[in-house]
Structure formats: structure tokens, C-alpha cells
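Geometric and topological summary
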Amino acid sequence: MISGIVIEGLIYGIVVLGTFMTFRVLNFCDMTVDGSFPMGACVLAACLTGGVPPALALLLVFLCGMLAGLVTTLIHTKLKVPDLLAGILVMTMLYSVNLRIMGNHANISLRGTKTIFSQLTAAAEAAGFSSEASLAILLVVIIAVLLFVLNLFFHTDFGLTMGALGCNEQMIISQGVNPQFLRGVGICLSNGMAATAGAFFAMYQNFADVGSGTGVVVACLASLMLGEFLIKSNKISLQIIRVIIGSVLYRALMFWARRYGYRIGMSSNDLRLITGLLIIICLLISKTNLQQFFREHLGGKKSAQKEGTK
């Protein structure tokens, strides 16, 4: 039970990290995730059933997710479509694209197909270890590496500038940086991570479904706000860690609601209502100071550069 909650929480934590980049860092309301998450599962299923090696399939999944983010970026920047509408348009179109990718099948079973998860679980069971525990350990390692890379990225000049873009776009333009390029990079990375998480979820569930992305954005926002409620910090390292903590906690709450909710008359049909109420509660009591982090660091660097030139 606990290992299952951890596994799902870590898989969805990758999506929440992408949502963190768009909604918090870039201040961009990206709904594309509801389409790029199942797209990752569909691309993975099509690749694996077509004989593509699992590692190469995951790379293609990430690239396809980035392509979906690029389309959203182009619709927003070139056609001047509002960010929310651009994401909804791409999300809607991706449903048909995902069906095409899977050969007009709504779902594809991966049972009997060689995946990274199936290979790991087979090796773990042969060695006498728990399959779910081995998957949890693998995901912990993947998340740890991802958090390390993101922490380094957000402390580079490029990462700090990207964060400042969500706070004050005019300041970025005055520094001679193209905001459209910065925003596009962030959106592409976000959807690439969402697609990768969708592929991981398909491997964990042993099937890919075009409808698996329904409500992903809302669940990510709930996870994001739960983490912000638990940990208050201006440090980017803690802010990305609390994203994962919030994701695991959200999955634990949903599991508790499914398992024990019947005692108060709840059913699985009420889970979306619970998620919406959870977001409303977190909105009322949770605040973030993310943009202040980028202001302080970017402002400090710019002032140091000016003093150096003098």
C-alpha cells in the first residue's frame, strides 16, 4: 500500500515539477499537460509494440512532449492567443493525435511487453526482493537526479532569468533577452517531463490509455499547493523538493478517500470534488515567494556587474 502510494506520488511528481515551471516560475497557465501526459503513454506503447528499445522509446517520448509544448508556445507567441486558450487548444488536438499514434485504439496493453519496469521487477523477484519496493527505489533515484539537475539549472544565469521572466517581463526585455524564447524553453521542458511521467505511469499500470490525462493539471495544482502549505521557503532547492512531497501527500489523501471514504458516504465519484475543495483551501492559506528569490539573485548579479564596470 505505502509503496504504491510512493510510486504513484513520485511518477506524478515529475508532472508537478513541470507544472511548477509553467505556473509558478513562468506565470504561464499551461493546460497542455492534460494532453502531453497521455501522449507520453501513447508514444511509449507505439514504440514498444513496434520493437523500439525501451531507452530509445523514453527519449522519443520526451522529445514528443517537448514538441507539444513548442506548438503551444507558437500558438501563444505567433498567433497572440492567450496562454490558457492556447493550452486548451493543443490539449484538445492531442486527443486525436494520441489516437492516431496508437493506431486508432483507445488503449493498448503492455503486458508481456519488455519495459524498464518489467525488467526491473523480474530481476527483483528473481533475487527475492519486492517488485514494488524495487520500483520505488528506482523512482527515488530518478527523482533525486532530476531535482539535482533542476536545482543547478535554476542557479544558472539562464535559470534565474527564466524565473525573473514570470515576475517582470519588461525587465527581461530591457536586458536584451528574448522573452518568447525563454518562455518556450520552459514550456517545452515542462511538457517533456509530463510526457515522460505519462510513459512511466503506463509502464507501471501495464497499459496506455488516451484518457489517462483527464484532470492531471488539477491534480498537479493540488499537489503543488499542498507542498507550499507544508513548507514555506524562498530557497529554490526546497521549493522543488516540496513539489515532490506535495505529490506523494496528495496521492496518499486520494488513496485514503478511496479506501475509507465510504464510512462517511463518499465514493470514487467524489474524488474530483475533494481535489477542487483542496485547491480552494490551499489558495486561501498558502502563499509563495518564488519570484522574490529570482528578484534577489538576478538583481544581485546585475548590481555586481554594474559595480565591476565602474
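In short, a report on the structure. Because the structure is predicted, anything quoted here is derived from the model rather than measured. (Residues numbered from 1 in each chain as written. Predicted model: local features only at pLDDT ≥ 70, side-chain atom pairs only at ≥ 80, totals over all residues. Heavy atoms only, no water.)

**Let's talk about the overall build of the protein chain**
Stated formally: By definition, any uninterrupted DSSP run of H or I lasting at least four residues is a helix, any uninterrupted run of E lasting at least two residues is a strand, and each is numbered from the N terminus. Here the term buried applies to any residue with accessible area under 20% of the maximum for its type, exposed to any over 50%, and partly exposed to those in between, with areas from a 1.4 Å probe on protein chains only. Any two residues whose heavy atoms approach within 4.5 Å at even a single point are treated as in contact.
Within the protein chain, the secondary structure is distributed over 13 helices and two strands. When the 310 residues of the protein chain are sorted by exposure, 48% land in the buried category. When contacts within the protein chain are restricted to residue pairs at least 6 apart in sequence, long-range pairs at least 24 apart make up 79% of them.

**Comments concerning helix 2 (residues 33-49)**
To keep things clear, this is the line we draw: One fewer than the residue count of a helix, multiplied by 1.5 Å, yields its expected span.
Taking 1.5 Å per residue, 17 residues should reach 24 Å; helix 2 reaches 24 Å between its end C-alpha atoms and fits that length. Of all 17 residues that make up helix 2, 15 are buried, and the element is covered over most of its length. Once helix 2 finishes, glycine 51 follows within two positions and takes phi at roughly 90°, a positive value.

**Comments concerning the pattern of salt bridges**
Short version of the rule: Each reported salt bridge corresponds to a side-chain nitrogen of Lys or Arg within 4 Å of a carboxyl oxygen of Asp or Glu.
Per the counting criterion, the structure on display carries two salt bridges. Glutamate 228 is the partner of arginine 24 in a salt bridge, and the nearest nitrogen-oxygen pair spans 2.6 Å. With arginine 24 in helix 1 (residues 2-25) and glutamate 228 in helix 10 (residues 216-230), this residue pair connects regions lying 204 residues apart in the sequence. Assessed through its relative accessible area of 1%, glutamate 228 is described here as buried. Two residues, glutamate 169 and arginine 183, come together in a salt bridge whose shortest N-O distance is 3.0 Å. In this pair, glutamate 169 is assigned in helix 8 (residues 169-174) and arginine 183 in helix 9 (residues 179-205), connecting sequence segments 14 residues apart.

**Some thoughts on the environment of serine 233**
As a reminder of what qualifies: In protein, a polar contact requires one atom able to donate a hydrogen and another able to accept it; more generally it is a pair of N or O atoms within 3.5 Å, and residues adjacent in sequence count only if both atoms are side-chain atoms.
Residue placement: serine 233 occurs in the loop between helix 10 and helix 11 (236-260). We classify serine 233 as buried; its relative accessible area is 16%. In contact with serine 233, not counting residues within four places along its chain, are Leu238, Gln239 and Arg242. A polar side-chain atom of serine 233 sits 3.0 Å from the main-chain amide nitrogen of lysine 235.

**Digging into the packing of aromatic side chains**
To keep it simple, the criterion reads: For Phe, Tyr and Trp, rings pair up if their centres lie within 6.5 Å, where Trp contributes its six-membered ring, and each pair is then called stacked (planes under 30 degrees apart), edge-to-face (over 60) or tilted (otherwise). Here, a charge over a ring means that NZ of Lys or CZ of Arg falls within 6 Å of the ring centre while also lying within 35 degrees of the ring normal.
Counted according to the given criterion, the structure contains eight aromatic pairs. A centroid spacing of 5.4 Å and a plane angle of 20° characterise the contact between tyrosine 12 and phenylalanine 37, whose relative ring orientation is stacked. Note that tyrosine 12 is positioned in helix 1 and phenylalanine 37 in helix 2, a separation of 25 residues in sequence. Comparing tyrosine 12 with phenylalanine 37 shows no difference in burial state: the two are buried. Here the aromatic rings of phenylalanine 117 and phenylalanine 200 are separated by 5.8 Å at their centres, their planes lie at 15°, and the arrangement is stacked. A residue pair is termed long-range when its members are at least 10 positions apart, and phenylalanine 117 in helix 5 (residues 116-126) and phenylalanine 200 in helix 9 qualify at 83 residues. For phenylalanine 200, a relative accessible area of 7% puts it in the buried group. Following the ring pairs from residue to residue traces out a cluster consisting of Phe20, Phe153, Phe154, Phe158 and Phe181. In this structure, arginine 251 is placed above the aromatic ring of tyrosine 12, and the distance from its NZ or CZ to the ring centre is 3.7 Å.

**Brief notes about helix 10**
Because an α-helix packs 3.6 residues into every turn, residues spaced three or four apart end up facing the same way. Helix length check: helix 10 (15 residues) gives 21 Å between terminal C-alpha atoms against 21 Å at 1.5 Å per residue, within 8%. Every buried residue of helix 10 is listed here: Val216, Val217, Ala219, Cys220, Leu221, Ala222, Ser223, Leu224, Met225, Leu226, Gly227 and Glu228.

**Considering the nonpolar core**
We count it as follows: What is meant by a nonpolar core is a set of buried Ala, Val, Leu, Ile, Met, Phe, Trp, Tyr and Cys residues, joined one to another through side-chain atoms within 4.5 Å.
Within the largest apolar cluster, 84 residues are counted, with the highest numbers of intra-cluster contacts made by Ile11, Val15, Leu17, Phe20, Leu44, Phe117 and Phe154. Aside from chain neighbours lying at most four places away, what touches isoleucine 11 is Phe117, Leu139, Ala197, Phe200, Phe201 and Tyr204.

**Looking at unusual backbone geometry**
Its identity as a non-glycine residue notwithstanding, asparagine 27 has a phi of 55°, on the positive side. Mapped onto the fold, asparagine 27 is located in the loop between helix 1 and helix 2. Residue classification places asparagine 27 among the exposed residues on the basis of a relative accessible area of 53%. For lysine 80, which is not glycine, the phi torsion reads 60° and is therefore positive. Positionally, lysine 80 belongs in the loop between helix 3 (54-78) and helix 4 (83-101).

**Concerning the environment of serine 212**
With respect to the secondary-structure elements, serine 212 resides in the loop between strand 2 (207-209) and helix 10. Separated by 14 residues in sequence, serine 212 and glycine 198 have C-alpha atoms that sit 8.3 Å apart. With residues up to four places along the chain from it excluded, the contact list for serine 212 reads Phe37 and Pro38. Within the structure, serine 212 has its side chain in polar contact with the backbone oxygen of aspartate 209 (distance 2.9 Å).

**Structural notes on the environment of glycine 103**
Mapped onto the elements of the fold, glycine 103 is located in the loop between helix 4 and strand 1 (107-109). Sequence separation between glycine 103 and cysteine 42 is 61 residues; the distance between their C-alpha atoms is 9.8 Å.

**Concerning a nonpolar patch on the surface**
For clarity, the threshold we go by: Within this analysis, patches are made of residues with over 30% relative accessible area and no salt bridge. Like charges are joined at 9 Å or less; nonpolar side chains (Val, Leu, Ile, Met, Phe, Trp, Tyr) at 5 Å or less. To measure how exposed things are, a 1.4 Å probe is used in the Shrake-Rupley method; for residues, cover is taken only from the protein chains shown.
On the surface, Leu67, Leu70, Val71, Leu74, Leu84, Leu85, Ile88, Leu89 and Met93 cluster together to form a nonpolar patch covering roughly 710 Å² of accessible area. Contributing elements (two or more residues each) for the nonpolar patch: helix 3 and helix 4. No other element matches helix 4, which puts five residues into the nonpolar patch. With respect to the helices, strands and loops of the structure, leucine 74 is situated in helix 3.

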